[in-house]
Amino acid sequence: MSYSAIKVIKEAFTGHRGWKPLWRRPEPKSEYDIIIIGGGGHGLATAYYLASEHKNKKIAVLEKGWLGGGNIGRNTTIFRSNYLLHDNEKFYEMSLKLWEQFEQDLNYNAMISQRGVINLFHSDAQRDAYVRRGNSMLINGADAILLNEDDLRKKCPFLNYDNARFPIQGGLWQPRGGTIRHDAVAWGYARAADQLGVDIIENCEVTGFDIQNGSCSAVRTNRGTIKAKKFGVAVAGSSSAVMANAGLQLPIESHVLQAFVSEGLKPIIPGVITFGAGHFYISQSDKGGLVFGGDIDGYNSYAQRGNMTVVEDVCEGGMAVMPMIGKARLLRMWGGVMDMSMDGSPIIDRTPIKGIYFNGGWCYGGFKATPASGKCFAHLLATDESHPNAKAYLLNRFEKGQMIDEKGMGAQPNLH
């Protein structure tokens, strides 16, 4: 079924009886060519690109719960490519370009809004660091504009310029950054993959791997054993637990990252704004809610909830940069389980076990990386070669001392 304005008008006049489910509910087959473990954004994107670009036919996505119940539905919906290090910048710029074509490629409305991302700076040293970052962005084909205080006052007059503990001197602006409906990303990829023949199997938890002589031939699930030639693991915060079933230990910690949304307010915030003197970022949804978040909780956890210490820290950061939000009422909060690598950059690589491939360690960048992650992981699964934009994201880089340390982005920023 193809979506269009004509289709919407037709359904409006016929009682909306012609709409169909976005994807099938198939029973798992006994064998596939490739199995993707994890039905979040990265897993679904991988399956879609395997089917659409590499023409793989027998693909299954195994999701232990319901589709979209993990981190893909538990984030602040932001996408951007404003990184400093070249390996990261070229990868996330690739992702941003894929976001720009997402709705056209998948024929699905994901409410993409390129309203811009502004990183505030509060000192001369921080300004110079943003100049370096902006130049790196420009070198890698991204867009970057340095705003002085006067420029910023015109765009964001509501910020606390004059009486702030950390005076605002300007910001680094990426106009092409923005937000996209997170649930719609999962639904769009699921629909497109399903139309290409991918079996999306929900409520199918992987409980083990059948491994003999260093090679994996099947996965054991709560719905039976399923064979395949290759297995791609993309399970975000559950990475360590799933890979432990294969006897592998990863350089990853799982932490909770909380997010919040306020009651609906009149439009005021033009894009995404990040505080430069603390970890706080904020945007405004189409329904008017202020969507914001901050740092990870300071302990390892698999719970999709956080603690009040981080709530307080996030609110303090928000009040420091824009005191006007002080009377806004909090509508709801949630937590996602982050797969935090030790250098703050992801891993897309083969594992020591033949047939098992791994995608994880996304830290704070998982949602914005969804399309590029799926495209690069699909390339690896289909060809056994790393995608040109993901050749640095290897598992052995920690052993070789070739870390991609985007400072302060890993599980232990105090050690960076």
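Just above sits the structure.
Quick look at the structure, then. (Residues numbered from 1 in each chain as written. Predicted model: local features only at pLDDT ≥ 70, side-chain atom pairs only at ≥ 80, totals over all residues. Heavy atoms only, no water.)

### Section: the overall build of the protein
- In terms of regular secondary structure, the protein is built from ten helices and 18 strands.
- The C-alpha atoms of the protein give a radius of gyration of 21 Å, which matches the 22 Å a tight globule of 416 residues would have.
- Projected onto its principal axes, the C-alpha positions of the protein cover 65 × 65 × 40 Å.
- Expressed as a percentage of the 416 residues in the protein, the buried residues total 56%.
- Sequence-distant contacts, at least 24 apart, represent 75% of the contacts inside the protein between residues at least 6 apart.
- Looking at the protein as shown, the accessible area adds up to about 18300 Å², and 52% of this sits on carbon and sulfur atoms.
- Each charge sign in the protein was given a centre, from 45 positive and 41 negative side chains, and these centres are 6 Å apart. (Helix = DSSP H or I, 4+ residues; strand = E, 2+ residues; numbered from the N terminus. Rg over C-alpha atoms; globule rule 2.2 N^0.38 Å. Buried < 20%, exposed > 50% of the residue type's maximum accessible area, 1.4 Å probe, protein only. Contact = heavy atoms within 4.5 Å. Areas by Shrake-Rupley, 256 points an atom, 1.4 Å probe, with all protein chains shown as cover. Lys, Arg positive; Asp, Glu negative; His and termini not counted. Charge placed at Lys NZ, Arg CZ, Asp CG, Glu CD.)

### Quick notes on the pattern of salt bridges
- By the definition in use, this model includes 22 salt bridges.
- Several salt bridges share partner residues, and in doing so they unite Arg24, Lys29, Asp194 and Asp199 into one network. (Salt bridge = Lys/Arg side-chain N within 4 Å of Asp/Glu carboxyl O.)

### As for helix 9 (residues 370-383)
- Between the first and last C-alpha of helix 9 there are 20 Å, a value that for 14 residues agrees with the 20 Å anticipated at 1.5 Å per step.
- Burial within helix 9 is extensive, with twelve of its 14 residues counted as buried.
- Listing the buried residues of helix 9 in full gives Thr370, Pro371, Ala372, Ser373, Gly374, Lys375, Cys376, Phe377, Ala378, His379, Leu380 and Leu381.
- Looking one or two residues beyond helix 9, the residue adopting positive phi is Asp384, at roughly 65 degrees. (Expected span 1.5 Å × (residues − 1).)

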